[in-house]
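An overview of the molecular structure
What follows is each chain in one-letter form.
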Amino acid sequence: NNTGNDWGQAQIGYVPSGTYIISSPLIKNETSGVSTYGMVLIGQSMSTTTIKLADDAPGFGNTTAPKGMIFPTSDPNDGYAPSPGNGNAAYQNTIQDLTINIGNGNPGAIGIDYLCNNMGAIRNVTVQAPSGSVGVTGISMIRPLIGPTLLENVTVNGFQVGLDVANLQYSLILDNVTLNNQTVAGLRNAQDQITANNLATTTPSPAVINSSSDGEVVFSGAVLHRASGYSGNLISNQGTLVFRNSNTI
């Protein structure tokens, strides 16, 4: 629905304590039905507000065509929008104080397919794949043109990839992000520039995959932990990684 589309005047979608079952992506639309920027979704708290995908939800079963539960978009009138929903006018898109749960039987699910530019954040959020249920990505940030934006006090549990990042523009900041039990990678980056403060991972897979020569990640206070039974590499790097006051275990 339309929650306001004027710059600086996006209305808040408030989600009180409870568990809310959805079966299709949450998208902010203008009254015309066209998706737009300014999705502001705030729960009462991360521990009491849960948005959960229905088990075996239609459209979330194909891992080769994954779909996001929450899908913030850009201004449809943006001068540079490489495809509908994408662009560099994804202002104010904010998700805060809640838990996202992909439910069971949804292997093609992405918890949050996130796009934000300049103003907005994911803050105090848990993205969860239930035990025995593996989705594609916890938080995907591969649509152009992500950033600058912030992820603060975020936890991702389960999934193939915890955080998936791509494209050259425009940088990300991760602050107190925890990634657990990813089967492919905790953090996977292609081309972008990321600053990560206090990143913590425990994965039966590489904690970090930096897959391109122009990808750059700067870590401060990171603790990258090898899950029990995993003997492979914790880091796979084709670009630039910088570590300060960090540890691998």
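It should be emphasised that the depicted structure is a prediction, and the values quoted were computed from it without experimental measurement.

With that settled, consider the environment of Tyr91. Position of Tyr91 relative to the elements: it lies in the loop between strand 5 (67-70) and strand 6 (94-101). Tyr91 sits 29 residues away from Gly120 along the chain, and the two C-alpha atoms are 6.6 Å apart.

What follows covers the pairing of strand 15 (residues 200-203). Across the two faces of strand 15 the burial differs, with Thr201 and Thr203 buried and Ala200 and Thr202 not buried at all. Across 4 bridges, strand 15 lies against strand 18 (residues 223-226) in parallel orientation. Within strand 18, the residue paired with Ala200 across the bridge is Val223.

Under the definition given, this model contains 2 aromatic pairs. Where Tyr37 meets Tyr91, the ring centres are 5.9 Å apart and the plane angle is 75 degrees; that geometry is what we call edge-to-face. Here Tyr37 is found in the loop between strand 2 (18-22) and strand 3 (40-43), whereas its partner Tyr91 is found in the loop between strand 5 and strand 6, with 54 residues between them in sequence. Seen from their ring centres, Phe219 and Phe243 are 4.6 Å apart, and the 5 degrees between their planes marks the pair as stacked. Of the two residues, Phe219 is situated in strand 17 (residues 216-220) and Phe243 in strand 20 (residues 240-244); the sequence distance between them amounts to 24 residues.

What follows is about the nonpolar core. With 49 residues, the main nonpolar core has Ile112, Tyr114, Ile139, Leu151, Leu163 and Leu187 as its most contacted residues. Here the element with the most residues in this core is strand 12 (residues 172-180); it accounts for 4 residues. Leu151 has contacts with Tyr114, Ile122, Ile139, Met141, Leu163, Ile173, Leu174, Asp175 and Val177, leaving out every residue within four places of it along the chain.

Here the focus is the environment of Val125. Mapped onto the secondary structure, Val125 falls in strand 8 (residues 121-128). Classification of Val125 by relative accessible area gives buried; the value is 0%. Beyond its immediate stretch of four places on either side in the chain, Val125 contacts Met46, Ile95, Gln96, Asp97, Leu98, Ile112, Asn153, Val154 and Thr155.

Turning our eyes to something else, we now look at unusual backbone geometry. A cis amide bond, omega 10 degrees, links Pro144 with the succeeding residue Leu145. Position of Leu145 among the secondary structure elements: in the loop between strand 9 (137-141) and strand 10 (149-157). With omega at -10 degrees, the peptide bond leading from Gly147 into Pro148 counts as cis. Inspection of the secondary structure puts Pro148 in the loop between strand 9 and strand 10. For Gln92, which is not glycine, the phi torsion reads 70 degrees and is therefore positive. As for its placement among the helices and strands, Gln92 is situated in the loop between strand 5 and strand 6. Of the residues examined, Gln92 reaches a relative accessible area of 8% and is grouped as buried. Although it is not a glycine, Ser171 adopts a positive phi angle of roughly 100 degrees. Residue placement: Ser171 occurs in the loop between strand 11 (161-166) and strand 12.

Thresholds, definitions, all that
Residues numbered from 1 in each chain as written. Predicted model: local features only at pLDDT ≥ 70, side-chain atom pairs only at ≥ 80, totals over all residues. Heavy atoms only, no water. Helix = DSSP H or I, 4+ residues; strand = E, 2+ residues; numbered from the N terminus. Buried < 20%, exposed > 50% of the residue type's maximum accessible area, 1.4 Å probe, protein only. Pairing = 2+ DSSP bridges. Phe/Tyr/Trp six-rings, centres within 6.5 Å; stacked < 30°, edge-to-face > 60°. Core = buried A, V, L, I, M, F, W, Y, C linked by side-chain atoms within 4.5 Å. Contact = heavy atoms within 4.5 Å.

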